[in-house]
Amino acid sequence: MGIDEIIKKCEHLYNDLDFGYVKAWKEKTGGKAIGYMPVYIPQEIIHAAGALPVGIMGGGSNLEIIKGDAYFQSYICHIPRSTIEMGISGKLDVMDGMIFPAICDVIRNLSGMWQMLFKNKYVKYLDLPQNFDPEIGGAFYRYEIEDILSHVSQITGKKVSPEDLKHSITLYNENRKAIKSLYDLRAEVPHKIPTSEVYLLLRAGNILEVTEHTALMAQYMTEVKKRDIKPQDNIKVAINGAFCEQPPLGLIKALESSGCYIVEDDWVLGVRYIQEPVATNKDPISGLVDAYLTKSVSTASKYEDKKEKGEYLINSVKETGAEGVIFCMPSFCDPALLERPMLAAALTKAGISYTSFKYAENTGQFRTFKEQTGTFADSIKLWGGV
Amino acid sequence: MENNKEAVKENSMILQKDMIADHFHNLAQAKENGKKVVYTFVPGNLNELIWAFDMLPVHPEINALQSAMRKKSAAFVLEAEKSGHSEDVCTYVKCDVGMMKRGNIGPTGEKLPEPDLLLLSYTGCFTFMKWFELLKQEYKCPVVMLHVPYQAEGSISGAMVDYVVKQLEEKVIPVMEEISGKKLDYDVLKSYLSASNRAENDLVSVWNSARSKPSPIDAYFGGVYYIGPIFSAFRGLAQCEDYYRTLREEIDERVRLKLGPITPDGAEVKEKYRLVVEGPPNWTSFREFWKMFYDEGAVVVSSTYTKVGGLYDQGFRHSPENPLESMAEYCLGCYTNHNLPSRVDLIEKYIKDFDADGFVINSIKSCNSFSAGQLMMMREIESRTGRAGGFIESDLVDPRYFSAANIKNRLESYFQMIDAKKAGAS
Ligand code: SF4
Ligand code: SF4
């Protein structure tokens, strides 16, 4: 496959809110599918139990909301209403269960709505610990993982051995490695690797079976290295705050065409949540627990008592060579928007410029965003952002 | 008799007023007197533990609501927005941040001391975490996180209790020992827990009084005063016990005399509609809001907001038997830590137990914890109970989101709907 074909495939997966791939996969394998909301779940356990983990990131900009608005007040973000819309219109019937990880009160309450709406389906609120001591938060998280494992095993009818889980962890480690290489390469030669493509590749990872996704990424990497494109006089930026409700693809493209190379971001963060390989040399559940406790990213919904606020962002800005940060956050998103002043203060202290705006997943007009980030890019080019 | 009624009413109110004044006065002098100060949240608070270390608690939500009742919150919220906070986020946080930026003058006009510890009890709301992260930037004092898992399956598991107890033992208590310079004396803790237990019994009796017809209390607008001591700095203290004993006696007397609740103007409400209310009140126009109800003879017989600091009416009591487990169960059991199906069940139960004509949801712009899902809750409760549901929207402490005319209109049509239902039924 050439790049165009790869991206076309990803775009098809991205646009297909009827989850044709998932249906076909289930038919082919006789397996089950478990949907999950942002940001992170340990997909390995779903995979090991013989089910396909499917990342659901709302309905995006193409879904018409007919009933979803009757479920949420105007001052609540958009992703729960499009998710409900997909649920009640039958688009998510293909999922044999749904997992709602702890991220904010909206997703949390959505899990309860799901329990009421879909009484015969498996619904799990995954309470990710906010205590990172292995004996305390770790013990609790292990309990949560075992709980999911036993439920999904029941759904699939497959008993999971430690070897099965180790195998799944290995496959996801390979996937993480591939994603990391792609991100590293983008930071190095962003003119060759548009983020709109990276984004679609990542979104494909929400749907595709993991080995298929890893292979697709490898193919893309091989092809993209052959590209002969000259760098433009763009600035390099890091995006922050888009970890849950996603900006429309059109918005990502608009940012890129406003004179910015995106070299770091936090959208589709779940697939990059664990930053290092998960250990397979010990009891595999401990490996997953340890990965969450010690190898996961910093993000607004996770408590950190050790690190200074903004340290993680500043490091990633430095590592990727970004010259500024764009806070790109969903309207009404408490975690992201409350995090922003703290991150902004840390950036100011570190002498890093930023600009910020809010979006909704169904925002249709991108001109003002483009003007704003274009001006931001110009100011950095002219005055180093001062 | 009118005089008598006023006098009886006043005793508990005077007690509460004095307690609060004393507490803020002690806070103002805390540093001079070498007292350590703990900022913490109402839901899932560890008041008995704080007092066992002889520390003084401050509750930022209470400061925010007090600021709103004194019409100061608008300026505080704007101050926070000027400093980079989004208009979209919880206004309690912004009110507190704004108050801090303007000198941290508390509701009684005295300056609040800076915290020696931010005790982050993470019960029922994610925003709490962001709130104290923000304060941590300003105060540079230690923060201790107590992560309380959510009752996602509608019950408390052993793993959840263990998790909270372990955090208490290994994180919270050691930090408090270090800051206070004292070892935890479990006997002292137990005696506070016993006192809490007794006050809780009296509070439940007050809530249950609303089963009488007419109800002697308004369990929402009046209820927010009744929860004052036990949800804030005083649970576990002797004054708190006194307060609830006195309150209970006053209410028992009202039941005996078949009196309805009293409005802030001192008039008695003649009960026409019995309602259950879900959601926090608006504080910026609290009296005006209340008046919209009592002018129509609407009395709230039970409410969920008055359970954010403990669902005592459903049986929970602090217990000196297993102090840490008991505190863990308390944290796990606060209203907003219950999943949506449980919240629906509870409201349905209230409507039946208190024989309510209907229920009103006051949906708060600020508060995703309460608000996300309320429209669905309304439909579900209506269909289960056949009673009318009303839906209004406002905010806690941001007056820009209180539209009196709008709310009044909605309530008027709502009361007509109840009338129509009643007429249809008879
Ligand atoms: S966009 Fe923000 S507020 Fe909305 S569900 Fe996601 S994390 Fe929660
Ligand atoms: S979101 Fe709701 S519960 Fe949380 S701090 Fe704000 S008002 Fe309180």
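A. View of the overall build of chain A. The helix and strand inventory of chain A stands at 14 helices and eight strands. Against the 2.2 N^0.38 benchmark of 21 Å for 386 residues, chain A shows a C-alpha radius of gyration of 20 Å, consistent with a compact globule. The dimensions of chain A, computed from C-alpha atoms along their principal axes, are 60 × 50 × 45 Å. Across the 386 residues in chain A, those meeting the buried criterion constitute 66%. Long-range pairs, those at least 24 residues apart, make up 75% of the contacts in chain A with a sequence separation of at least 6. When the accessible area of chain A is evaluated, it comes to approximately 14,200 Å², of which 51% is carbon and sulfur surface. Looking at chain A, you have 43 positive and 49 negative side-chain charges, and the mean spots of the two groups are 1 Å apart.

B. View of the overall build of chain B. Check the secondary structure of chain B and you find 17 helices and eight strands. Here the C-alpha atoms of chain B give a radius of gyration of 21 Å, agreeing with the 22 Å that 2.2 N^0.38 yields for 426 residues. Across its three principal axes, chain B shows a C-alpha extent of roughly 65 × 50 × 50 Å. Counting only contacts in chain B whose residues sit at least 6 apart along the sequence, the fraction spanning at least 24 positions is 77%.

C. Fine view of helix α16 (residues 374-385) of chain B. Residues and elements named next belong to chain B. With 12 residues, α16 should reach 16 Å at 1.5 Å per residue; the first-to-last C-alpha distance of 16 Å fits that figure. Here α16 has its buried residues at Gln374, Leu375, Met376, Met377, Met378, Ile381 and Thr385. Following α16 by one or two positions, glycine 386 adopts a phi angle in the positive range, close to 75°.

D. Looking closely at the domain arrangement of chain B. All names here are of chain B. The domain boundaries assigned to chain B delineate domain 1 (11-185) and domain 2 (189-425). Counting each side, the surface lost to burial between domain 1 and domain 2 is near 4,500 Å², with a carbon and sulfur contribution of 64%. Inspection of the region where domain 1 meets domain 2 yields two salt bridges. Across the contact surface, domain 1 and domain 2 share 24 residue pairs in polar contact (both at pLDDT 80 or more). Its residues assigned to classes, the side of domain 1 that touches domain 2 comprises 36 nonpolar, 14 polar and eight charged.

E. Spotlight on the packing of helix α8 (residues 195-207) of chain A against helix α9 (residues 210-225) of chain A. Residue and element names in this part refer to chain A. Interhelical geometry of α8 versus α9 gives an angle of 165° and a closest axis separation of 9 Å. Our classification of the angle between α8 and α9 gives roughly antiparallel. For the element pair α8 and α9, the recorded crossing hand is right-handed. Counted together, Glu197, Leu201, Leu202, Ala204 and Gly205 of α8 and His213, Leu216, Met217 and Tyr220 of α9 form the full contact between these two elements. Of the residues that constitute the contact of α8 with α9, the class distribution is six nonpolar, two polar and one charged.

F. Looking closely at the sheet that holds strand β1 (residues 32-36) of chain A. All names here are of chain A. Pairing in this open sheet of four strands is parallel, and the strands run β2-β1-β3-β4 from one edge to the other. The two strands at the open ends of the sheet, each matched to only one other strand, are β2 (51-55) and β4 (122-126). With strand direction ignored, the average angle separating the axes of adjacent strands in the sheet is 20°. Docked against the sheet, helix α2 (residues 20-29) engages β1 and β2, running at close to 175° with respect to β2. In the packing of α8 onto the sheet, contacts are made with β1 and β2, and the angle to β2 comes to roughly 140°.

G. Inspection of the site of ligand 1 at higher detail. Lining the immediate surroundings of ligand 1 are Cys77, Ile79, Ile103, Cys104, Val106, Ile107, Cys244, Glu245, Pro330, Phe332, Cys333 and Pro335 of chain A. Its residues assigned to classes, the shell around ligand 1 comprises 11 nonpolar, no polar and one charged.

H. Summary view of the site of ligand 2. Residue and element names in this part refer to chain B. Close contacts around ligand 2 come from Cys90, Tyr92, Cys125, Thr127, Phe128, Trp131, Ser366, Cys367 and Leu396, and that covers them all. The greatest single-element share of the shell around ligand 2, amounting to three residues, is contributed by helix α6 (residues 127-139). Taken domain by domain, the makeup of the shell around ligand 2 includes at least three residues from each of domain 1 (11-185) and domain 2 (189-425).

I. Quick peek at the environment of aspartate 398 of chain B. Of note, aspartate 398 of chain B is situated in the loop between β8 (388-394) and α17 (404-425). With sequence-adjacent residues up to four places away left out, aspartate 398 of chain B is seen in contact with Val77, Thr91 and Thr284 of chain B.

J. Broad picture of empty space enclosed by the protein. All names here are of chain A. Within the structure shown, the criterion is met by 11 cavities of 30 Å³ or more. Put simply, the largest cavity is a space of about 150 Å³. Taken together, 20 residues line the largest cavity, and the ones lying closest to its centre are Gln43, Tyr172, Asn175, Val210 and Val271. Secondary-structure elements contributing two or more residues to the lining of the largest cavity are α3 (43-48), β2, α7 (162-188) and α9.

K. Region of interest: the interface of chain A and chain B. Opposite the 50 residues of chain A that make contact, chain B presents 58 residues. The contact between chain A and chain B buries some 4,700 Å² in all, and 59% of this surface belongs to carbon and sulfur atoms. Salt-bridge contacts for glutamate 339 of chain A lead to lysine 130 of chain B; the nearest nitrogen and oxygen are separated by 2.5 Å. Here chain A is connected to chain B by 26 residue pairs in polar contact (both at pLDDT 80 or more). At the level of elements, α5 (105-117), β4, α6 (134-156) and α13 (334-350) of chain A are the ones that each hand at least two residues to the side of chain A that touches chain B. Ranked by residues supplied to the side of chain A that touches chain B, first place goes to α5 of chain A with nine residues. Looking at the side of chain A that touches chain B, its residues break down into 27 nonpolar, nine polar and 14 charged.

L. Layout of the packing of aromatic side chains. By the definition in use, this model includes 43 aromatic pairs over all chains. Relative to tyrosine 199 of chain A, the ring of tyrosine 14 of chain A has its centre 6.2 Å away and its plane inclined at 75°; by these criteria the two rings are edge-to-face. Within this pair, whereas tyrosine 14 of chain A is found in helix α1 (residues 3-15), its partner tyrosine 199 of chain A is found in helix α8, the two being separated by 185 residues in sequence. A residue is classified by how much of its surface remains accessible, and tyrosine 14 of chain A, at 15% relative accessible area, is buried. A centroid spacing of 5.7 Å and a plane angle of 35° characterise the contact between tyrosine 335 of chain B and phenylalanine 370 of chain B, whose relative ring orientation is tilted. Of this pair, tyrosine 335 of chain B sits in the loop between α13 (323-333) and α14 (340-353) while phenylalanine 370 of chain B sits in helix α15 (residues 368-371), placing them 35 residues apart in sequence. No difference in accessibility class separates tyrosine 335 of chain B from phenylalanine 370 of chain B, as the two residues are buried. For arginine 211 of chain B, the ring lying beneath its charged end belongs to phenylalanine 354 of chain B, and the centroid distance is 5.0 Å.

M. Spatial organisation of the environment of methionine 378 of chain B. All names here are of chain B. Structurally, the position occupied by methionine 378 is in helix α16. In this structure methionine 378 comes out as buried when scored by relative accessible area, which is 13%. Note: C-alpha distance between methionine 378 and glycine 390 (12 residues apart in sequence) is 8.1 Å. When sequence neighbours within four positions are dropped, the list of residues in contact with methionine 378 reads Phe359, Ile361, Gly389, Gly390 and Phe391.

N. Main features of the pairing of strand β8 (residues 353-359) of chain A. Only one face of β8 of chain A is covered, namely the face carrying Ser353, Thr355, Phe357 and Tyr359 of chain A; the face carrying Tyr354, Ser356 and Lys358 of chain A is uncovered. Following the chain from strand β7 (residues 324-330) of chain A across α13 of chain A to the adjacent parallel β8 of chain A, one finds a crossover that is right-handed.

O. Here's a closer look at the nonpolar core. Core analysis: the biggest nonpolar cluster contains 298 residues, and Phe19 of chain A together with Leu49, Tyr92, Leu120, Trp283, Phe293 and Tyr305 of chain B have the highest contact counts within it. In terms of residues, this core owes the most to one element, helix α7 (residues 158-180) of chain B, which gives 10 residues. If we ignore the near neighbours within four places in the chain, the residues touching tyrosine 92 of chain B are Glu61, Ala64, Leu65, Trp131, Trp283, Tyr305, Ser366, Leu396 and Val397 of chain B.

What counts and what doesn't
Residues numbered from 1 in each chain as written. Chains lettered and ligands numbered in written order. Predicted model: local features only at pLDDT ≥ 70, side-chain atom pairs only at ≥ 80, totals over all residues. Heavy atoms only, no water. Helix = DSSP H or I, 4+ residues; strand = E, 2+ residues; numbered from the N terminus. Rg over C-alpha atoms; globule rule 2.2 N^0.38 Å. Buried < 20%, exposed > 50% of the residue type's maximum accessible area, 1.4 Å probe, protein only. Contact = heavy atoms within 4.5 Å. Areas by Shrake-Rupley, 256 points an atom, 1.4 Å probe, with all protein chains shown as cover. Lys, Arg positive; Asp, Glu negative; His and termini not counted. Charge placed at Lys NZ, Arg CZ, Asp CG, Glu CD. Expected span 1.5 Å × (residues − 1). Domains from an automatic or database assignment. Buried area = accessible area lost by both parts, 1.4 Å probe. Salt bridge = Lys/Arg side-chain N within 4 Å of Asp/Glu carboxyl O. Polar contact = N/O pair within 3.5 Å; in protein donor to acceptor, adjacent residues only side chain to side chain. Nonpolar A, V, L, I, M, F, W, Y, C, P; charged D, E, K, R; others polar. Axes fitted to C-alpha atoms, helices over the stretch in contact; angles between N-to-C directions. Parallel < 35°, antiparallel > 145°, perpendicular 65-115°, else oblique. Left-handed = near helix turned anticlockwise from the far one by under 90°. Pairing = 2+ DSSP bridges. Near = heavy atom within 4 Å. 1 Å grid on protein atoms, 1.4 Å probe; cavity = no way out; pocket = protein on both sides within 12 Å on 5 of 7 lines; lining within 4 Å. Points joined across faces, edges and corners; volume = space filled by probe spheres on them. Phe/Tyr/Trp six-rings, centres within 6.5 Å; stacked < 30°, edge-to-face > 60°. Lys NZ or Arg CZ within 6 Å of the ring centre and 35° of its normal. Right-handed = clockwise from strand over helix to strand, strands pointing away. Core = buried A, V, L, I, M, F, W, Y, C linked by side-chain atoms within 4.5 Å.

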